[in-house]
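Each chain is listed here by its residues.
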Amino acid sequence: MHNTPHTVSDVMTRNVLALKTGATFKDVVKAMREWKVSALPVVDDGHRVVGVVSEADLLLKEEFRDGDPDGYARPRRPEDVAKAVARTAEELMTAPAVTVRSGASLAQGARIMARNRVKRLPVVDGDGVLTGIVSRCDLLGVFLRDDADLAREVRRAVVERLVPETPGAIRVEVRDGIVKLTGRFRETGLAPVAAHLARAVEGVVDVDCALSGPHRHIELDPDLPDDTGAVTSPGTPPA
């Protein structure tokens, strides 16, 4: 995972249990209890993901066991009522499944999870075939990258890319995942670009940008303040 873009396939769990559509209600409960998971993907005969069964889907049967005494106050969705009498994974599952491609970036995976409010995502290839599972914890693991590793990648992917002729003019320091950039660019507009690129490096927590543009030349720009820190000695006429 060093100096390369990180994808979901880098962090996913490859050894994953999946249910066949014909798995019984009891089979589903046993599998969740044995694997200590709250949701499982459901696959067809070609191992393509067709849905996901969660604990919430299973609990509907218990909720509806004695009828629905407050049903008039809380209208139920037809699919919830159907799941309450379901006997197989195919009848229980939520479909279509929310999945993520194995080649997706970690940021894309995180957005899909947040948008759909799920804790785990089945990972599929281009044909929809199950290749693994990724969890919130897996996606957060990238923030455990070593500070020295992050500094090397920022230098390579940001500094050497923007100023290949003088990379030493920009200093990169990383502490607890926070990148600090100091130094000067020949073009003032490159400073925000550098901060943006550094923030995009996987594992970077935040960026402190103390970059600036080239030195001012007072003799060429008399109306601009001198930022060199030089002072004029008393009694010495200005240049």
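Computed from a prediction, not measured in an experiment: that's the story for all the values here. (Residues numbered from 1 in each chain as written. Predicted model: local features only at pLDDT ≥ 70, side-chain atom pairs only at ≥ 80, totals over all residues. Heavy atoms only, no water.)

What follows is about the packing of helix α8 (residues 147-162) against helix α9 (residues 190-199). Two numbers describe how α8 lies on α9: the axes approach to 10 Å, and their chain directions differ by 160 degrees. As the angle between them shows, α8 and α9 are arranged roughly antiparallel. Along this stretch, α8 crosses α9, giving a crossing that reads as right-handed. Contact residues: Val154, Val158, Arg161 and Leu162 in α8; Leu190, Val193, Ala194, Leu197 and Ala198 in α9. Across the contact of α8 with α9, the residue classes tally to eight nonpolar, no polar and one charged. (Axes fitted to C-alpha atoms, helices over the stretch in contact; angles between N-to-C directions. Helix = DSSP H or I, 4+ residues; strand = E, 2+ residues; numbered from the N terminus. Parallel < 35°, antiparallel > 145°, perpendicular 65-115°, else oblique. Left-handed = near helix turned anticlockwise from the far one by under 90°. Contact = heavy atoms within 4.5 Å. Nonpolar A, V, L, I, M, F, W, Y, C, P; charged D, E, K, R; others polar.)

Another aspect to go through is the pairing of strand β3 (residues 49-54). In terms of residue burial, β3 counts as a mostly covered element, since five of its six residues are buried. The sheet contact formed by strand β2 (residues 39-43) and β3 spans five bridges and is antiparallel. Bridged to leucine 40 within β3 is valine 53. Counted between consecutive antiparallel strands, the loop separating β2 from β3 contains five residues, among which histidine 47 sits at a positive phi close to 65 degrees. (Buried < 20%, exposed > 50% of the residue type's maximum accessible area, 1.4 Å probe, protein only. Pairing = 2+ DSSP bridges.)

Those residues of helix α3 (residues 55-63) that sit buried are Asp57, Leu58 and Leu60. All buried residues of α3 fall inside an arc of 140 degrees around its axis, so they share one side. Looking at the buried side of α3, the elements it contacts are α2 (25-35), β3, α4 (78-84) and α5 (89-92). (Arc of directions from axis to C-beta.)

What follows deals with the pattern of salt bridges. One pass over the full model with this rule turns up six salt bridges. For arginine 48, the salt bridge is made with aspartate 44, and the minimal N-O distance between the two is 3.3 Å. Owing to a relative accessible area of 38%, arginine 48 belongs among the partly exposed residues under this scheme. Look at the salt bridges and you will find they share partners, linking Arg145, Asp149, Glu153 and Arg156 into a network. (Salt bridge = Lys/Arg side-chain N within 4 Å of Asp/Glu carboxyl O.)

Bringing the packing of α2 against α3 into the picture now. Put simply, α2 and α3 touch, their axes get as near as 11 Å, and they point 130 degrees apart. The angle between α2 and α3 places the two elements in the oblique class. Crossing geometry of α2 relative to α3 is assigned as left-handed. Contacts from Phe25, Val28, Val29 and Met32 in α2 reach Glu55, Leu58 and Lys61 in α3. When grouped by side-chain class, the residues that make up the contact of α2 with α3 number five nonpolar, no polar and two charged.

It is worth spelling out the sheet that holds strand β5 (residues 120-124) at this point. Ordered by their spatial adjacency, three strands build an open sheet running β4-β5-β6, and the pairing between neighbours is mixed. One side of each edge strand has no neighbouring strand; the edge strands of this open sheet are β4 (100-101) and β6 (130-135). The sheet contact formed by β5 and β6 spans five bridges and is antiparallel. When the sheet's bridge partners are listed, proline 122 is paired in β6 with isoleucine 133. The strands touched by helix α6 (residues 106-116) within the sheet are β4, β5 and β6, with β5 carrying the most contacts at an inclination of about 130 degrees.

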